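Summary of structural features
What follows is the residue order along each chain.
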Amino acid sequence: MPVAANVSAAEIARFDELASRWWDPDGESRPLHDLNPVRLDYIAQRVPLRGARVADVGCGGGLLSEALAKAGAQVTGIDLGERVIDIARLHLHESALTVDYRRQSSAELAQAEPAAFDVVCCMELIEHVPDPAALVVDLAAMLKPGGRLFMSTLNRTPAAFGAAILGAEYLLRLLPRGTHHYAQFLKPSELARLLRHAGLEPDDVSGLGYDPLRRKAWQSRVTAVNYLLCARKPA
Ligand code: SAH
């Protein structure tokens, strides 16, 4: 593992444990499978993806990376989990898509390719890193001037505690216990502040609704649990 990276080894191990079942729509990544089309739509509604250079930071087994590649983007997916990156690469044999997967930290990609990406996506990662502000600085550095950043994470509200921790980890057992830590959830205003500090201009926050029993997900005005956020790097 790269030294001095903004990473919790326990978090990486937790996701690596799930790697072999990542593409099983009924496995532990089931919520990500269910949310994925809505996340893709949110991005595709705001930026042209065909031919765009896109970084997917904390890509896991590659659900969003592949969806972006399928939409015509030239995707680089990075994650620090060795097994999740192996699974992401293996799955390309099945999908016959092309994604440049790398086991790399956000800081390393930002240093290797500054101002190189039209679009940067960072979904369901920021609540798992020790230093969210440093992650946002890396994401901003990767973007071309005029580029767009898309993030999703969990709000720090009682509703999010109830849905994402009590509901998903304890009652429905959709996710392994310990997947999420309430104190690491960020309110949209807090995330927007981190983005502005990194020189970005937040331009939308939308709720990401999810009914795990009916396996339905949708964009909504309710940001109390999961939300999507978009920001622009000034041209
Ligand atoms: N973005 C994907 C996966 C989300 S799960 C999706 O939404 O479909 C969170 C992922 O973040 C896991 O794959 C985990 O290995 C990765 N991760 C956790 N901490 C990380 C860090 N500090 N740097 C890079 N990846 C990290």
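Note: the structure precedes this text.
Bear in mind the structure is a predicted one, so any value in this text is a computation, not a measurement. (Residues numbered from 1 in each chain as written. Predicted model: local features only at pLDDT ≥ 70, side-chain atom pairs only at ≥ 80, totals over all residues. Heavy atoms only, no water.)

Assigned secondary structure in the protein chain consists of 8 helices and 8 strands. When burial is assessed residue by residue, the protein chain has 51% of its 235 residues classed as buried. Considering only contacts within the protein chain whose residues lie at least 6 apart along the sequence, 71% involve residues at least 24 apart. On the protein chain, roughly 10,500 Å² of surface is accessible, and the fraction owed to carbon and sulfur atoms is 55%. For the protein chain, the centre of its 26 positive side-chain charges and the centre of its 28 negative side-chain charges are spaced 5 Å apart. (Helix = DSSP H or I, 4+ residues; strand = E, 2+ residues; numbered from the N terminus. Buried < 20%, exposed > 50% of the residue type's maximum accessible area, 1.4 Å probe, protein only. Contact = heavy atoms within 4.5 Å. Areas by Shrake-Rupley, 256 points an atom, 1.4 Å probe, with all protein chains shown as cover. Lys, Arg positive; Asp, Glu negative; His and termini not counted. Charge placed at Lys NZ, Arg CZ, Asp CG, Glu CD.)

As enumerated under the stated definition, the model contains 4 aromatic pairs in all. Ring centres 6.3 Å apart and planes at 50° place the aromatic pair Phe 15 and Trp 22 in the tilted group. Take Phe 15: its relative accessible area is 23%, and that puts it in the partly exposed class. On the accessibility criterion, Trp 22 (6% relative accessible area) is buried. Pairing Tyr 182 with Phe 185 gives two aromatic rings, centres 5.8 Å apart and planes at 70°, and the pair type is edge-to-face. Overall, Phe 185 belongs to the buried group, its relative accessible area being 1%. (Phe/Tyr/Trp six-rings, centres within 6.5 Å; stacked < 30°, edge-to-face > 60°.)

Turning next to helix α3 (residues 63-70). Within α3, 7 of the 8 residues are buried, which leaves it mostly tucked inside the rest of the structure. Along α3, the positions that sit buried rather than exposed are Leu 63, Leu 64, Ser 65, Glu 66, Ala 67, Leu 68 and Ala 69. Elements that come into contact with the buried residues of α3 comprise α2 (30-44), β1 (53-57), β2 (74-79), α4 (82-95), β3 (100-103) and β4 (117-123). Following α3 by one or two positions, Gly 72 adopts a phi angle in the positive range, close to 100°.

Inspection of the secondary structure puts Gly 60 in the loop between β1 and α3. Judged by its relative accessible area of 3%, Gly 60 is buried. For Gly 60 and Ala 19, which are 41 residues apart along the polypeptide, the C-alpha to C-alpha distance reads 8.0 Å. Beyond its immediate sequence surroundings of up to four residues, Gly 60 is in contact with Trp 22, Asp 79, Val 84 and Ala 88.

This paragraph deals with unusual backbone geometry. For residues that are not glycine, phi is negative in most cases, and the peptide bond is trans in most cases. The phi torsion at Ala 115 lies on the positive side, around 50°, for a residue other than glycine. With relative accessibility at 37%, the residue Ala 115 sits in the partly exposed group. Phi is positive for Arg 173, close to 55°, though the residue is something other than glycine. Structurally, Arg 173 can be placed in the loop between α7 (158-171) and α8 (188-197). A relative accessible area of 60% places Arg 173 in the exposed class.

Our focus in this paragraph is the site of the ligand. Close to the ligand lie 16 residues, the nearest being Asn 6, Arg 39, Gly 58, Asp 79 and Met 123. Backbone polar atom of Met 123 to a nitrogen atom of the ligand: 2.8 Å apart, as the coordinates give it. Alone, the ligand offers 570 Å² of accessible surface; in the complex the protein occludes 97% of this. Counting residues per element, the ones that place at least two in the shell around the ligand are α1 (9-17) and α2. (Near = heavy atom within 4 Å. Polar contact = N/O pair within 3.5 Å; in protein donor to acceptor, adjacent residues only side chain to side chain.)

Any link to function would need more than the numbers given here.
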